[in-house]
Amino acid sequence: TIKLGFSKPATAGELAQMEQMRSRLAEMTPAQSKEMSVSWMERLQREDMAYELLSYLRKARGNLKLCEEMILSSARWRKEFGVEKILDEKDLTIESFFRGMTREVDW
């Protein structure tokens, strides 16, 4: 098994399901991609982002159809609210967050 930043390591079955999910996401149609945050979808398929994909898979309790629906819903939400643009505006890394520099103003 591989530990992907979770306290519970990914099982062989979960790793196989993650590969199946990556394949399903790669088959997204151009019409679908117009309404979604494509950069986030591409990032989600990278190996170094496996923990995020695994979190969706676990939340869906291994149900690939539900997992896909959850991911696509998140991608639409990210595009609708301009999440990628907001993240590009400022240095919003974990390091800056813990230095207390998430934004110029206090929320």
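To keep things clear, this report deals only with the structure shown in the data block. (Residues numbered from 1 in each chain as written. Predicted model: local features only at pLDDT ≥ 70, side-chain atom pairs only at ≥ 80, totals over all residues. Heavy atoms only, no water.)

1. With respect to the overall build of the protein chain
In step 1: The helix and strand tally for the protein chain stands at seven helices and zero strands.
In step 2: Counting from the amino terminus, the protein chain carries its helices and strands in the arrangement α-α-α-α-α-α-α.
In step 3: Split into buried and exposed, the 107 residues of the protein chain put 29% on the buried side.
In step 4: Sequence separation of at least 24 residues holds for 58% of the intrachain contacts in the protein chain that already meet a minimum separation of 6.
In step 5: With an accessible surface of roughly 7,400 Å², the protein chain has 55% of that area assigned to carbon and sulfur atoms. (Helix = DSSP H or I, 4+ residues; strand = E, 2+ residues; numbered from the N terminus. Buried < 20%, exposed > 50% of the residue type's maximum accessible area, 1.4 Å probe, protein only. Contact = heavy atoms within 4.5 Å. Areas by Shrake-Rupley, 256 points an atom, 1.4 Å probe, with all protein chains shown as cover.)

2. Things to note about the packing of aromatic side chains
In step 1: According to the stated counting rule, one finds one aromatic pair in the structure shown.
In step 2: Residues Trp77 and Phe81 carry aromatic rings whose centres are separated by 5.4 Å and whose planes lie at 40 degrees to one another, so their mutual orientation is tilted.
In step 3: Look at Trp77 and you get partly exposed, because its relative accessible area is 48%.
In step 4: Residue classification places Phe81 among the partly exposed residues on the basis of a relative accessible area of 47%. (Phe/Tyr/Trp six-rings, centres within 6.5 Å; stacked < 30°, edge-to-face > 60°.)

3. Things to note about unusual backbone geometry
In step 1: Phi at Arg61 is positive, roughly 55 degrees, even though this residue is not glycine.
In step 2: Note that Arg61 resides in the loop between helix H4 (50-59) and helix H5 (64-80).
In step 3: In this structure Arg61 comes out as exposed when scored by relative accessible area, which is 78%.

4. Remarks on the packing of helix H1 (residues 12-26) against H4
In step 1: Running from amino to carboxyl end, H1 crosses H4 at an angle of 100 degrees, the nearest separation of the two axes being 10 Å. Taken together, the axis directions place H1 and H4 in an arrangement best described as roughly perpendicular. Touching Glu14, Gln17, Met18, Met21 and Arg22 of H1 are Ala50, Leu53, Leu54, Leu57 and Arg58, all from H4.
In step 2: For the contact of H1 with H4, a count of residues per class yields six nonpolar, one polar and three charged. (Axes fitted to C-alpha atoms, helices over the stretch in contact; angles between N-to-C directions. Parallel < 35°, antiparallel > 145°, perpendicular 65-115°, else oblique. Nonpolar A, V, L, I, M, F, W, Y, C, P; charged D, E, K, R; others polar.)

5. Points about the pattern of salt bridges
In step 1: Counted under the stated rule, the structure contains five salt bridges.
In step 2: The shortest N-O distance in the salt bridge between Arg58 and Glu14 comes to 3.0 Å. Linking Arg58 in helix H4 with Glu14 in helix H1, this pair joins segments that are 44 residues apart in sequence.
In step 3: By relative accessible area, which is 13% here, Glu14 ends up buried.
In step 4: Glu19 serves as the salt-bridge partner of Arg22, at 2.6 Å between the closest nitrogen and oxygen. Within this pair, Arg22 and its partner Glu19 are both found in helix H1, separated by three residues, close to a single helical turn.
In step 5: On the basis of relative accessibility, which here comes to 8%, the residue Arg22 falls in the buried class.
In step 6: Look at the salt bridges and you will find they share partners, linking Glu19, Arg22 and Glu47 into a network. (Salt bridge = Lys/Arg side-chain N within 4 Å of Asp/Glu carboxyl O.)

6. Overview of the environment of Lys34
In step 1: By the element assignment, Lys34 lies in helix H2 (residues 30-34).
In step 2: A sequence separation of 42 residues divides Lys34 from Arg76, and the C-alpha atoms of the two residues are 9.3 Å apart.

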